[in-house]
Amino acid sequence: MSFKFYVNWWIKNKRELEELKKKDDNFRTKIEDVKERSIANKLVGGMYARYCMLVQELDLCLDQLAQPQKTVAIRKLVESAVFRLKELFNELRWIDFSEYHYIDDALVELKLVPHDIEILHPYLCYPRPYDIEQMYERIKNGERIYTKPSTPPPELEEEPAPEANVEEATVPVEEPQDAKKEKKKKRPPVQTPIAVEKKAELSPEEKERQKKEAEITAAVEIIQRHERARQARLYHREIWAVFLMHKDDGSPKKGEQRREYTPEDKEKAARTLQRVYRGHYWRNYLKKKENERRLLIGMTETSFRSRKEYEIEEQAIEERRKLRELRIKQYIDANLAEKDRILRVVGPGLMEDIGDEIREWFYQWYLRAKNFDKYPPEDKGGTILVVRGETMTPEEWIDDVERKRREKVKAGGSKEEKEKKKAEKAKQKAAEKAAKKVKMAALKKAIKDKKKRRNDVVNYQMEFDEPEGSYLFAEGQAEHVKIWNERDEMLNPEETHYMDLITDQRCYEVQLEMRQKVDEMMRLELELLNDALARDKNKKPKKPKKPKAKRKKGKKPPKDITAHRTTEEIFQELVDNGIIRLYPKTRLDEFIGDFSYNNMELRQNEFLDPPPCLGDVKQAIVVDLILPLGLSVCKQRVRSAILCGPPQSGKKILANAIFTATRCVLFDLSPEVLAGKYPGKPGLNMLLHLVMKMSKLLQPSILFFNAAEKPFYKKVPAEEKDLDPKRLGKVLLKKVVKVIKPEDRVMLLGLCNQPWAAAKKMNKLYEKAILIPRSDYGSVFIYWREQLMPYHSVDRGMDLSSLSKLTVKYPLGVIKEVTKKIMTPSRIVKLYYQPLQQIELFEPFTKIEPITDKVWKKYEKWYNGTPVGKLGKKYAKYQLTLREEMLKRKEAEEKQNEKKGKKK
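Residues numbered from 1 in each chain as written. Predicted model: local features only at pLDDT ≥ 70, side-chain atom pairs only at ≥ 80, totals over all residues. Heavy atoms only, no water.

Engineer: Please explain the side chain of Asp519 as it appears in this structure.
Structural biologist: Relative to the helices and strands, Asp519 resides in helix α15 (residues 499-536). One buried charged side chain, Asp519, makes no salt bridge at all; its nearest oppositely charged neighbour is Arg523, positioned 4.8 Å away. Polar contacts involving the side chain of Asp519 include one to the side chain of Tyr375, which spans 2.8 Å. If we ignore the near neighbours within four places in the chain, the residues touching Asp519 are Ile358, Tyr375, Gly381, Gly382 and Thr383. (Helix = DSSP H or I, 4+ residues; strand = E, 2+ residues; numbered from the N terminus. Buried < 20%, exposed > 50% of the residue type's maximum accessible area, 1.4 Å probe, protein only. Lys, Arg positive; Asp, Glu negative; His and termini not counted. Salt bridge = Lys/Arg side-chain N within 4 Å of Asp/Glu carboxyl O. Polar contact = N/O pair within 3.5 Å; in protein donor to acceptor, adjacent residues only side chain to side chain. Contact = heavy atoms within 4.5 Å.)

Engineer: I keep staring at the packing of aromatic side chains and nothing clicks. Help me out?
Structural biologist: Note on aromatic pairs: each is described by the distance of the centres and the angle between the planes. Within the structure shown, the criterion is met by 26 aromatic pairs. Between Tyr281 and Trp282, the ring centres sit 5.5 Å apart and the planes meet at 80°, which makes this aromatic pair edge-to-face. Accessibility expressed as a relative area gives 42% for Tyr281, which makes it partly exposed. Classification of Trp282 by relative accessible area gives partly exposed; the value is 48%. Arranged with centres 5.0 Å apart and planes meeting at 80°, the rings of Trp756 and Tyr859 form a pair that is edge-to-face. Of the two residues, Trp756 sits in the loop between β7 (746-752) and α23 (761-765) while Tyr859 sits in helix α29 (residues 853-863), which places them 103 residues apart along the sequence. Residue Tyr859 is classed as buried on the basis of its relative accessible area of 2%. Aromatic ring contacts, followed pair by pair, group Trp361, Phe362, Tyr366, Phe372 and Tyr375 into a single cluster. Taking NZ or CZ as reference, Lys370 lies 5.1 Å from the ring centre of Tyr366, over its face. (Phe/Tyr/Trp six-rings, centres within 6.5 Å; stacked < 30°, edge-to-face > 60°. Lys NZ or Arg CZ within 6 Å of the ring centre and 35° of its normal.)

Engineer: Would you mind going over empty space enclosed by the protein with me for this structure?
Structural biologist: Unfilled space is identified by rolling a water-sized probe across the atoms. Evaluation of the coordinates by the stated rule reveals 5 cavities of 30 Å³ or more. Among the elements of the structure, α4 (104-110) and α18 (614-626) are those that each provide at least two residues to the lining of the largest cavity. Across the lining of the largest cavity, the residue classes break down as 10 nonpolar, 3 polar and 4 charged. Its volume calculated, the second largest cavity comes out at about 120 Å³. Around the second largest cavity, the lining residues are Phe3, Val7, Trp10, Leu65, Gln67, Lys70, Thr71, Ile74, Glu489, Asn492, Glu495 and Tyr498. At the level of elements, α1 (3-30) and α3 (70-96) are the ones that each hand at least two residues to the lining of the second largest cavity. Looking at the lining of the second largest cavity residue by residue, the class counts come to 6 nonpolar, 3 polar and 3 charged. (1 Å grid on protein atoms, 1.4 Å probe; cavity = no way out; pocket = protein on both sides within 12 Å on 5 of 7 lines; lining within 4 Å. Points joined across faces, edges and corners; volume = space filled by probe spheres on them. Nonpolar A, V, L, I, M, F, W, Y, C, P; charged D, E, K, R; others polar.)

Engineer: Is there a simple way to think about the sheet that holds strand β8 (residues 768-771) in this case?
Structural biologist: The pairing of strands in a sheet happens through backbone hydrogen bonds and is either parallel or antiparallel. Across the sheet, which stays open at both edges, the 6 strands sit in the order β3-β5-β6-β7-β4-β8 with mixed pairing between neighbours. The open sheet has two edge strands with one neighbour each: β3 (580-581) and β8. Here helix α21 (residues 680-697) sits on the sheet and contacts β5 (665-668), β6 (701-705) and β7; the angle it forms with β6, its principal contact strand, is near 140°. (Pairing = 2+ DSSP bridges. Axes fitted to C-alpha atoms, helices over the stretch in contact; angles between N-to-C directions.)

Engineer: What is the right way to read the pairing of strand β4 (residues 640-644) from this model?
Structural biologist: Regular strands have side chains that alternate between both faces of the sheet. Here β4 lies mainly inside the structure; 5 of its 5 residues are buried. Side-chain alternation along β4 places Ser640, Ile642 and Cys644 on one buried face and Ala641 and Leu643 on a second face that is also buried. Pairing analysis gives 5 bridges linking β4 to β7, with the strands arranged parallel. If you follow Ala641 over to β7, its bridge partner there is Leu749. Sheet analysis places β4 next to β8, joined by 4 bridges and oriented parallel. The partner of Ala641 across the bridge, within β8, is Lys768.

Engineer: Would you mind going over the pattern of salt bridges with me for this structure?
Structural biologist: Pairs may arise between side chains of opposite charge once their charged atoms sit close together. A complete count under the given rule lists 56 salt bridges for this structure. For the salt bridge of Asp333 with Lys329, the shortest nitrogen-to-oxygen distance reads 3.5 Å. In this pair, Asp333 and Lys329 are both assigned in helix α9 (residues 308-345), 4 residues apart and thus about one turn of the helix distant. For Lys329, a relative accessible area of 35% corresponds to the partly exposed category. Among the ionic contacts, a cluster of salt bridges with common partners joins Asp63, Glu318, Arg321, Arg324, Glu325 and Arg663.

Engineer: Looking at this structure, how should I read the packing of helix α5 (residues 130-140) against helix α16 (residues 567-576)?
Structural biologist: For any two helices packed against each other, the geometry is given by the interaxial angle and the distance between the axes. Between α5 and α16, whose axes approach to 12 Å, the crossing angle comes to 30°. Our classification of the angle between α5 and α16 gives roughly parallel. Remark: the crossing between α5 and α16 carries right-handed chirality. For the pair formed by α5 and α16, the contact residues are Met135, Tyr136 and Ile139 on the first element and Thr567, Glu568, Phe571, Gln572 and Val575 on the second. The residue inventory of the contact of α5 with α16, partitioned by class, reads 5 nonpolar, 2 polar and 1 charged. (Parallel < 35°, antiparallel > 145°, perpendicular 65-115°, else oblique. Left-handed = near helix turned anticlockwise from the far one by under 90°.)

Below you can see the structure in the form of structure tokens.
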């Protein structure tokens, strides 16, 4: 795609974002009076659907634009849209009290289907610093980024060789023939000793083991011999059958005459052959045309799916990413070179100019006020305040001194008045403190009341706060208006950086750095001037008071116990221990599942929360877990999440898809990985310190637990006691989850098969719980087609509907295993003349137990203990009571109508 396409693409998306922002502002002002959940679901769902479609375009546009300076402004606008999408998703959660939302009414109005608003390929990823990204790329390529320096080995003393348990044997040494004859007469042949090891005697256990191995080998040989004989007999039988067929082919035997056919017989035979062949040809032709027609309208599918278009698209995306990385590297190099140039050319003169400017300030103060002002503190910007005019002028200082003198004369010097003044100040401070306390209490009460209203299942009132990303939209728009609207981007088709912007930014930074250095020198010069002024006034010079550093409220930051170690060293240590590991590249659409198309009607008519379908899980994961990790700062970011579901339900595919979409660094903290590493309490503290330090440095990062129930086992199984699985359970909440701040793109993710085996502490640890449902009919039907249609000889008209209904409660992983077990190479060869039957596919399922209702109730019971699950259950009970009351009213009305009819 051309450069012009990308520019116009961004302009189009930006215009759509501005229009949607205006609609959203009007929407928030008009929707606050809505008190019915069904109406609120329709209105919020419509806005949510619009943002879903726009975010799909915006994040891909951000991923493909290569100009490094413009992407800063674009990212702000994209993040504002993602913020708003997350807020609408959360609002739908409080409307339905569920993690899965059904907005069919809004989609019908917008003339959309659920697939149109599905975000399958999120590209919004937070960019790591260039050096960190290069370090991670080397790890992915299998390189080592750190090697411990080798120390010279200590000198070892020579030790006598141990005596070997050998027997000496003699071997004659070969010599020339002439020498041999002479030496035979004089002396016997020379013999040299050679070491021969003694054979160790076998123990009784080893002898028994060897005997068993010999018996097994003999049995295998017998089986192989009989199998070869059986195959030889089959081969001979087939050859003999062919021989007999050719023997009785109608040719005349010895002594018999060949039958002569008349022309009429030959013509009749030819017509018969032509009729049969033409019928066969046209039947195949019509069948082929019908298959092509069905393929065209999407009723069937071919066994071969060309990936050419997909590969071309992926190649174009990767090429743009490579171009973007190149432009970023050039941009960084240009920044460093420009800063060096400014320091070299402008730096010395700049320091002199700043010094002259500050000395002029000293001179004006002495000229007008015969005094010097206090030097502005460093933490507030130093003499930048003087340049901005945010300090007192000499005239203001004189007026202030005169005012204080008058107040002192007016107040007098009596102790009573001074004490009265102190009491008034103390009273004023106490009043301010009390007002601040009341304000904080009111704020806490407002938050508590809002939470109470949110959790109220009876009464509903639509409430919208100021969008969290509104400031990002304002900043991005202002930057576009100030910088980018005036530039013609068509004049920069190579998408290189603009040097004038770099120069302005680096000049400002250099000026600040130089001003800090000049301020340090001028503070000393001001002290000398104050001392000289005091001596002129015959006063004792005052020693300058050092400003006290203000202590920040809250706990002190923990001490970095690995400050002496380099990032490369810690990174390589975690890689060597298997804690940081790579993950398979997985796309979100590899998790196959269909949407639920009647759950909205079920919610409206039956007042219950129907079970979701597998396709609904992906959207919840994208909006709640994937997109927030790409944002710079997000207060609503999920710090910990758990994916729970039966075995082989697709949890690992979803986890790998989350890792791939966020491009995160994976920290595997599963008990199997940590077994025997960092032992003891000091080792545990060191492990947590290394993991949290590196996860924040390498963010986006995900801390992963393969079996999330193990750290919270009620009772540890005997076979897992060596792993010590409960080692991390006590410290995860305090030292991992609570340490993650809104600006940290770090998340704890767990997979769970048996949530009932864990204590209730697990529910407190994970803020978000997603229960993967049992397979539904639509998802199973799609999955069967995905598994069988790649085989060319499988009948495209096979009835998979009945097979899907029979295998509805089986996990998709089980269906995949059964398909692989049946479709062996020998069975694939026979498909042409022995078509595949549904009974073949269903027969293995009779020996496999599905996910029964009894087992599924355990998962539901656990999910109802989560915060959203509790509210959903409470809301379902309330709706059930409404339904019962409605039925009672209908029955009462019917009885009254019957009585009236009888009276008439």
